[in-house]
Amino acid sequence: MAATGVCLFPTRLPSVIRHEFTSSSSSSGKSKFNPISIPSRRLAAVSTDHTPTILTTVNDQTGGSSGKEAHTTTTSAAAEKKRWPGQDQEELDAEEEEQERLSLTDYFEQAKDFVTSNGGGAGPPRWFSPLHDGGSRLDNSPLLLFLPGIDGTGLGLIRHQHKLGKIFDVWCLHIPAKDRTSFTDLVKLVERTIRSEHHHSPNRPIYLVGESLGACLALSVAALNPDIDLVLILANPATSFSKSQLQPIIPVLQVIPDSLPISLPHILSSMTGVLVANLGKGLGLPLPQTVEKLSRDLVASTTYLSVLADILPRETLLWKLQMIRSASPYANSRLHAVKAQTLILSSGKDQLLPSQEEGERLQRTLANCEIRMFENSGHFLFSEDDFDLVTVIKGTGFYRHSRHRDYVSDYIPPTRSEVQKVVDSNRWLSIATSPVMLSTLADGKIVRSLAGVPSEGPVLFVGYHMLLGFELAPMVTQMLVERNIHLRGIAHPMMFMKLREGRLPDISNYDTLRVMGAVPVSGSNFYKLLSSKCHVLLYPGGVREALHRKGEEYKLFWPEQSEFVRMAARFGAKIVPFGAVGEDDIANLILDYEDQMKIPFLKGFIEEITDEAAKVRVGHDGEVGNQDVHFPGIIPKVPGRFYYYFGKPIETQGRKQELRDREKAHQVYLEVKSEVEKCLAYLREKRENDPYRSIFSRLQFQATHGFSSQVEIPTFEL
C-alpha cells in the first residue's frame with residue numbers, strides 16, 4: 001500500500017529538513033532509512049549527522065493522502081465540533097477514554113517497539129510525532145518540541161499527547177539507547193530545528209518541554225536563541241545534578257561487570273515511586289478499583305523489566321549520567337542569557353533530584369520565570385495519574401499563538417474533566433450553602449432555575465460582588481452544568497501578573513480562574529469578549545465592593561461612568577442584572593479595613609500590598625477610587641444558604657446610535673444599578689421565609705430523602 005509521510009512542518013518544510021528528508025547521510029556516511037513502528041502507527045526515520053531528523057507519521061488508512069491533506073481534513077473535522085461548552089458528548093467520551101487508556105503499560109509497549117524495530121536501539125537522535133495525524137486540530141497552533149529525560153525514548157508525554165495534540169503541533173525527540181551523541185551536539189540539533197522553524201514562521205512561538213536532562217537541554221538552547229520566541233516548560237530540571245543521589249552511581253557503574261544489571265534496581269525504585277504516588281492519589285476510588293489499578297501497574301512494571309534493561313542498559317545509563325553531569329554546569333553557566341518565558345514544574349517528593357529547592361533557585365535566577373509546586377509528586381511527574389499538563393499550561397496563562405498573549409483569541413475553553421475538577425473542588429462549599437438559583441422569564445415570571453438566562457451571546461451579567469467573591473464558584477459552575485453557559489469574568493490584574501516578589505497571594509492561587517476564562521480588566525478585553533459573543537461577567541464595584549467594611553453588606557460601590565452600557569449597545573448585548581446574598585450567613589466580619597488601618601503594622605502591610613497590586617481605577621475620587629487591597633478578618637458561622645436572582649434581561653439590540661448619547665446611556669446605567677438593588681432586596685426579604693435556610697434543616701431533609709437522592713432541597717415560595 002502506498003503511504004505518504006506527514007512531516008514535522010507540513011506545507012512549509014524548511015529547506016534544511018526538506019533536503020535531509022529526501023537524501024540523508026548517517027554518521028557512517030551511508031544513506032539510511034530505518035522504520036520504527038508503534039501500535040496503530042508506522043513511523044519512518046531518516047538518520048543524519050547532528051541535524052534535525054524527522055521521524056514521520058505515516059497515514060496507513062488512506063494510501064496516498066498527503067501531509068497537507070491529512071492536516072486540513074483533521075482541522076476541518078475539528079471545526080465542525082464545538083468545544084466545551086457545547087462540545088459533542090461522544091467526542092468528549094472518546095477523548096477521556098483514550099486518556100485513561102494511555103498509561104504506564106502503553107509507555108512500555110511503545111518503548112519496546114521503539115527498541116526492537118530500530119536495530120536494538122541504534123541510530124542517531126530523531127524527531128517523531130506521537131499523534132496519528134502529526135498535527136494539531138487548531139489552526140495556527142504553536143509548535144511543541146518534547147525533549148526527553150534520561151530514558152531518551154521521547155514517550156514521556158504519552159499520558160498527555162492526546163490533549164496536547166488538540167492545541168499544539170507536537171513532536172518528540174527520540175534518542176536511541178545505543179546513540180552516543182554528546183550533549184553539546186544535542187543542543188546544536190535542537191537549535192537548528194527551532195531556527196529552521198523560526199525562519200519559516202517567525203511569529204509562531206515554539207514550546208520546549210523538557211524533563212530532567214531535557215530541561216537542561218531546553219535551557220541551553222534558549223540561552224543561545226534569545227531572539228526567538230521560546231516558551232520553556234521544565235519538569236524537575238537536572239541543573240541540580242551536583243546534589244543528586246544519582247551522582248555517586250557513576251563511579252560504581254564504571255567498575256562493575258557488564259553482566260550485572262545494576263540499572264534495574266534504580267529504575268524500579270523510581271518507577272515504584274510513580275506507582276505509590278498514583279496509588280496514594282487514587283485512594284478516593286472504591287477498593288476494588290484501587291486494587292485493580294495497583295495490580296495493573298505492578299504487572300506492567302514487572303512484565304517489562306526486559307524493556308527497561310533495553311532502554312537503559314548499564315553502558316547507556318553510565319553515558320546518560322555522565323551526560324547529565326556535564327549538562328548541568330553547561331546549562332547553569334548560561335542561565336543569565338535565558339530570556340524565554342519559563343515555567344518550572346517541581347515535585348515535592350522527587351527522590352532523584354532536589355527538585356523543589358532547585359525550582360526555587362531557578363525562579364530567582366531566570367529573568368522571566370514562574371514555578372508551580374506539586375508537593376505530593378515524584379520524579380516522573382508527567383507519568384502521574386492526576387497531573388494534567390494541558391490544564392497546567394492553561395492555568396498559568398502560558399498558551400498563546402504569537403509573541404503577545406491575547407486573553408480572548410488564545411483562550412482554550414475548559415474540557416469536561418476540567419470543569420468537573422472545579423465542581424469537585426468546590427463541592428463542600430456547595431453542600432454547605434445549597435445555592436438557590438432564580439431567574440426571570442421573558443414574561444416577567446420568576447422561576448427556580450436558570451431558564452430565564454439568555455443562551456445566545458453576547459450577554460453581559462452585571463451584579464453585586466460578595467465579600468471575597470464567595471458567590472463566584474457556585475454561580476459559574478452552575479451556569480455550566482445547568483445551562484452549558486460559560487461565564488468569562490473580568491478580573492483584577494493582580495490575578496494575572498506578579499511584577500515582583502511581595503506580599504500578595506502567590507499567582508498560582510488564581511490558576512483555576514484562568515482555566516475558567518477570567519481576563520484582566522481592560523477596555524480592549526471587554527471589547528473582544530463582547531465581539532466574540534461571549535457571556536461576560538462584570539462587577540462594577542470591583543475590589544471596593546468585594547472588600548467592603550462592617551455594615552456595608554449588599555451596598556453597591558459603583559463608579560458614575562456608564563461605559564459598560566455603551567459597549568454593550570455597540571454589540572447589541574443583553575444586560576442581565578443580578579444579585580447574590582448569603583455572605584452574612586456564612587461568616588462574620590470582625591476586622592475590616594478601618595480596624596486594620598488603626599494598627600500600625602497592619603496599616604503598613606496594606607499600603608505595601610496595595611502598592612504592589614496594579615490599580616485599576618486611578619483618577620476616581622471617593623469610595624470608588626479607594627481600592628486598597630487588604631485581607632479582612634472573618635470568623636466562619638454555622639452555614640446558612642446562598643441565593644442568586646437573575647433579573648429580566650435589558651435589551652440593547654438596535655440602540656447603538658441612541659446609547660451613544662452619554663445621558664441616555666447613563667439612564668440605562670441607573671436602570672441596571674436599580675435592578676441589581678431590587679434583586680438584592682428581593683432575596684434578603686424572601687430568604688427570611690425559607691424553611692431550609694439553616695444547614696440543620698437541610699441535613700434533616702437530606703436524611704429523610706437520602707443523601708444520594710437527586711431531590712432538590714425546597715426553598716421559599718416564589
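Residue numbers here run from 1 along each chain, matching the order of that chain's written sequence. For this predicted model, a pLDDT threshold of at least 70 governs which residues receive local features, and a threshold of 80 or more governs which side-chain atom pairs are given and counted, while totals over whole chains, interfaces and linings are taken from all residues. Side-chain measures were taken over the full set of non-hydrogen atoms in the model, leaving aside hydrogen atoms and water.

Named according to an unreviewed UniProt entry, the protein chain is Acyltransferase-like protein At3g26840, chloroplastic originating from Prunus avium. UniProt positions are given in the numbering used here, feature names are shortened, and annotations may be inferred rather than shown by experiment. Of the comments in the UniProt record for the protein chain, the one headed Sequence similarities (unreviewed entry) reads "Belongs to the diacylglycerol acyltransferase family."

1. Examining helix α6 (residues 183–200)
Taking 1.5 Å of rise per residue, the 18 residues of α6 would be expected to cover 26 Å, and the 26 Å separating its terminal C-alpha atoms lies within 8% of that figure. Residues of α6 that are buried: Phe183, Asp185, Leu186, Val187, Leu189, Val190, Glu191, Thr193, Ile194, Ser196, Glu197 and His198. Helix numbers and strand numbers start at the N terminus; a helix is a DSSP run of H or I with at least 4 residues, a strand a run of E with at least 2. Here a helix's expected span is defined as the number of its residues, less one, multiplied by 1.5 Å. Type-normalised accessible area, obtained with a 1.4 Å probe on protein chains alone, sets the label of each residue: buried when under 20%, exposed when over 50%, and partly exposed for intermediate values.

2. Focus on the packing of aromatic side chains
Each Phe, Tyr or Trp ring (for Trp, its six-membered ring) is paired with any other whose centre lies within 6.5 Å, and the angle between the two planes then decides the class: stacked below 30 degrees, edge-to-face above 60, tilted in between. Under the criterion given, the structure shown has 20 aromatic pairs. Between Tyr407 and Phe496 the ring centres are 5.4 Å apart and the planes differ by 80°, which places this aromatic pair in the edge-to-face class. Here the residue Tyr407 occupies a position in the loop between α14 (389–396) and α15 (416–425), and Phe496 occupies one in the loop between β15 (487–491) and α18 (511–515), the gap between them amounting to 89 residues. Here Tyr407 falls in the buried class, since its relative accessible area comes to 18%. Seen from their ring centres, Tyr539 and Phe578 are 6.1 Å apart, and the 70° between their planes marks the pair as edge-to-face. Here Phe578 lies in strand β18 (residues 574–581) and Tyr539 lies in the loop between β17 (535–538) and α20 (542–546), a separation of 39 residues in the sequence. Of the residues examined, Phe578 reaches a relative accessible area of 0% and is grouped as buried. The ring centre of Tyr330 lies 3.6 Å from the NZ or CZ of Arg334, which sits over that ring. One Lys or Arg, Arg544, reaches over the ring of Phe557 and ends 4.0 Å from the middle of that ring. Two limits define a charge over a ring: the Lys NZ or Arg CZ must be within 6 Å of the ring centre, and within 35 degrees of the ring normal.

3. Some details on a nonpolar patch on the surface
A surface patch of nonpolar side chains, about 430 Å² in accessible area, is lined by Val638, Phe696, Leu699 and Phe707. With respect to the helices and strands, the residue Val638 is situated in the loop between β20 (633–636) and β21 (643–646). Residues qualify for a patch when their relative accessible area is over 30% and they have no salt bridge, like charges being joined within 9 Å and the nonpolar side chains of Val, Leu, Ile, Met, Phe, Trp and Tyr within 5 Å. Each accessible area value is a Shrake-Rupley result obtained with a 1.4 Å probe; residue values ignore everything except the protein chains displayed when judging cover. Whenever a carboxyl oxygen of Asp or Glu lies within 4 Å of a side-chain nitrogen of Lys or Arg, that contact is scored as a salt bridge.

4. Focus: the sheet that holds strand β13 (residues 446–447)
Any two strands with at least two DSSP-identified bridges between them are counted as paired. With mixed pairing, eight strands are arranged side by side in an open sheet as β13-β12-β21-β18-β14-β17-β15-β16. Each having just a single partner strand, β13 and β16 (519–520) make up the two edges of the open sheet. We call two residues contacting when some pair of their heavy atoms lies within 4.5 Å. Helix axes use the C-alpha atoms of the stretch in contact, all axes being lines fitted to C-alpha atoms, and the angles between their N-to-C directions lie in the range 0 to 180 degrees. Where helix α17 (residues 472–483) meets the sheet, its contacts fall on β12 (436–440), β14 (459–463), β15, β17, β18 and β21, and the angle it forms with β21 comes to roughly 55°.

5. Some words on the pairing of strand β7 (residues 169–174)
In terms of residue burial, β7 counts as a mostly covered element, since six of its six residues are buried. Sheet topology note: the strand β5 (residues 126–128)/β7 ladder contains three bridges and is antiparallel. Bridged to Phe128 within β7 is Cys172. Sheet topology note: the strand β6 (residues 143–147)/β7 ladder contains four bridges and is parallel. Paired with Phe146 across the strands is Cys172, a residue of β7.

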